Amino acid sequence: MDSKKDIIFILGDGGMMGIFVAGVLSEINKRSRGRVRAVYGTSSGADVGVYFVSGQTDVPLRFFTEYLTKPDFIRKNFLRYLLKIFFFRNNRHVKIPDYINVGYVADVARNSDCALDVGAFEKSEIEFHVKVIDIETGGPLYLPAKTNVFEKLMATSQCGPLSTSAVEVGGKRYIDGGTVPSELDLELVTRNPDKLFIFVQSQKDNQLSKMLLYPLYLLAGHAISILYGKHLGKKYIQRLFTDYTAQLAAHKNVVFIRNDLRYSSFCTDKGKLERVYRRGIERGRIAAMPLISA
């Protein structure tokens, strides 16, 4: 592997485990930032990546532990939320609050002590893209996000069935690009053999857990059908066990940095989150060593 290649980050989703991505990027920022040309992020990976681009790598730790642990972001009782969608979707007397409050994430990034430095973000030479799914076509894509960044962060953070409304950007409606596995990243790697791709995965894809919780995933797929269209619900179920990791790893210009701590995507325990962040720093340090040795 040519360690002198320009770096492109692919930052995966994973809810609260996005704090692992934050740890990795804080370490890479110290050692190899000058080599990074682009960041492609999905959901919480994008929420962290935007601060890397702006040079605010100290912010995400506070963003996750002080703000996203509040009930303003993650509400309780997922099963009750799904049942309301199935049985009370069209009942105007029953309010269905989103399980994940996407607007809250954007508000924190705009109006708190974790506010994004928009000027520094826009001036940065590092490209920034967010992964979404167009609900009309069902197709995944990366939106260039140097403009209208908060709208696009909301779109990629929409979390499939965990929010009842798609996010409109430029007249089109989008949901989280990680809702359905796709070959989008594989295509990106194949088109750019001269770049070094670093995939940061905040959670390992656990196929056994999916098998054990398959009835719950079926419910989630049905909810997606109700909320965004049968074509997306069907694709969600069909691709539930799809994993492109092996195909990506076969490329010599790909490096994976994975979180090996198995905490929930909805974890709000600050002690556990800080531990995941420190693990990200450790993994980032190990990954950065061969990059700066050349």
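Details of the structure are given in the entry above.
Reference entry: report on the structure contained in this document. Note that the structure is a prediction, hence the values are computed from the model and not measured.

We now examine the overall build of the protein chain. For the protein chain, the count of helices and strands is 13 helices and eight strands. Relative to the globule expectation of 19 Å for 294 residues, the C-alpha radius of gyration of the protein chain, 18 Å, shows essentially globular dimensions. Expressed as a percentage of its 294 residues, the buried residues of the protein chain come to 54%. Intrachain contacts of the protein chain at a sequence separation of at least 6 include 76% that bridge at least 24 residues. Element-wise, carbon and sulfur atoms account for 52% of the exposed surface of the protein chain, whose accessible area totals about 13,600 Å².

Once that is clear, we can look at the environment of Leu184. Of note, Leu184 is situated in helix 8 (residues 184-191). Accessibility expressed as a relative area gives 16% for Leu184, which makes it buried. For the pair formed by Leu184 and Ala115, sequence separation is 69 residues and the distance between their alpha carbons is 30 Å. Look past the residues within four positions of Leu184 in its chain and what remains in contact with it is Lys131, Pro140, Leu141 and Tyr142.

On the surface, Leu79, Leu83, Phe87, Phe88, Leu208, Met211, Leu212, Leu213, Leu216 and Phe241 cluster together into a nonpolar patch covering about 1,000 Å² of accessible area. In terms of residues, the nonpolar patch owes the most to one element, helix 4 (residues 78-88), which gives four residues. Position of Phe88 relative to the elements: it lies in helix 4. Given the relative accessible area of 37%, Phe88 is considered partly exposed.

Next up on the list: unusual backbone geometry. Trans peptide bonds make up the majority, and among non-glycine residues the majority have a negative phi. For Ser43, which is not a glycine, the phi torsion comes out positive at approximately 55°. Among the secondary structure elements, Ser43 is positioned in the loop between strand 2 (36-41) and helix 2 (44-54). The backbone of Cys159 sits at a positive phi, close to 65°, despite the residue not being glycine. With respect to the helices and strands, the residue Cys159 is situated in the loop between helix 7 (149-156) and strand 5 (167-169).

What follows deals with the nonpolar core. Phe9, Val39 and Phe128 are the most contacted members of the largest nonpolar core, which totals 84 residues. Of the residues forming this core, the biggest block, seven residues, is contributed by helix 1 (residues 18-32). Ignoring any residue separated from it by four or fewer positions in sequence, one finds Phe9 in contact with Leu25, Ile28, Val36, Ala38, Val39, Tyr40, Phe52, Ile198 and Val200. Counting 14 residues, the second-largest nonpolar core is a separate cluster that includes Ala38, Leu186, Leu188 and Val254.

We now examine the packing of aromatic side chains. Counting across every chain of the model gives nine aromatic pairs. Centre to centre, the rings of Phe121 and Phe128 are 5.6 Å apart; their planes meet at 80°, and the pair counts as edge-to-face. Under the relative-accessibility criterion, Phe121 is labelled buried at 0%. Linked through ring pairs, Tyr51, Phe63 and Phe64 together constitute an aromatic cluster.

Evaluation of the coordinates by the stated rule reveals twelve salt bridges. Here Arg285 and Glu27 are joined by a salt bridge, their closest N and O atoms 3.5 Å apart. Separated by 258 residues along the polypeptide, Arg285 in helix 13 (residues 270-292) and Glu27 in helix 1 bring together distant segments of the chain. Glu27 sits in the buried class, given a relative accessible area of 2%. A salt bridge links Asp113 to Arg62, with the nearest nitrogen and oxygen atoms 3.4 Å apart. Here Asp113, found in the loop between helix 5 (102-111) and helix 6 (118-123), pairs with Arg62, found in helix 3 (residues 59-67); they are 51 residues apart in sequence, far enough to count as distant.

What follows is about the pairing of strand 2. With five of six residues buried, strand 2 is to be regarded as a mostly interior element. Pairing analysis gives five bridges linking strand 1 (residues 6-11) to strand 2, with the strands arranged parallel. Of the residues in strand 2, the one forming a bridge with Leu11 is Gly41. Where the polypeptide runs from strand 1 across helix 1 and back to strand 2, its parallel neighbour, the crossover connection is right-handed. As paired elements, strand 2 and strand 3 (residues 127-134) share four bridges and run parallel to each other. Note on strand 3: the bridge partner recorded for Val39 is Phe128.

Analysis parameters
Residues numbered from 1 in each chain as written. Predicted model: local features only at pLDDT ≥ 70, side-chain atom pairs only at ≥ 80, totals over all residues. Heavy atoms only, no water. Helix = DSSP H or I, 4+ residues; strand = E, 2+ residues; numbered from the N terminus. Rg over C-alpha atoms; globule rule 2.2 N^0.38 Å. Buried < 20%, exposed > 50% of the residue type's maximum accessible area, 1.4 Å probe, protein only. Contact = heavy atoms within 4.5 Å. Areas by Shrake-Rupley, 256 points an atom, 1.4 Å probe, with all protein chains shown as cover. Patch = residues over 30% accessible without salt bridge, like charges linked within 9 Å, V, L, I, M, F, W, Y side chains within 5 Å. Salt bridge = Lys/Arg side-chain N within 4 Å of Asp/Glu carboxyl O. Core = buried A, V, L, I, M, F, W, Y, C linked by side-chain atoms within 4.5 Å. Phe/Tyr/Trp six-rings, centres within 6.5 Å; stacked < 30°, edge-to-face > 60°. Pairing = 2+ DSSP bridges. Right-handed = clockwise from strand over helix to strand, strands pointing away.

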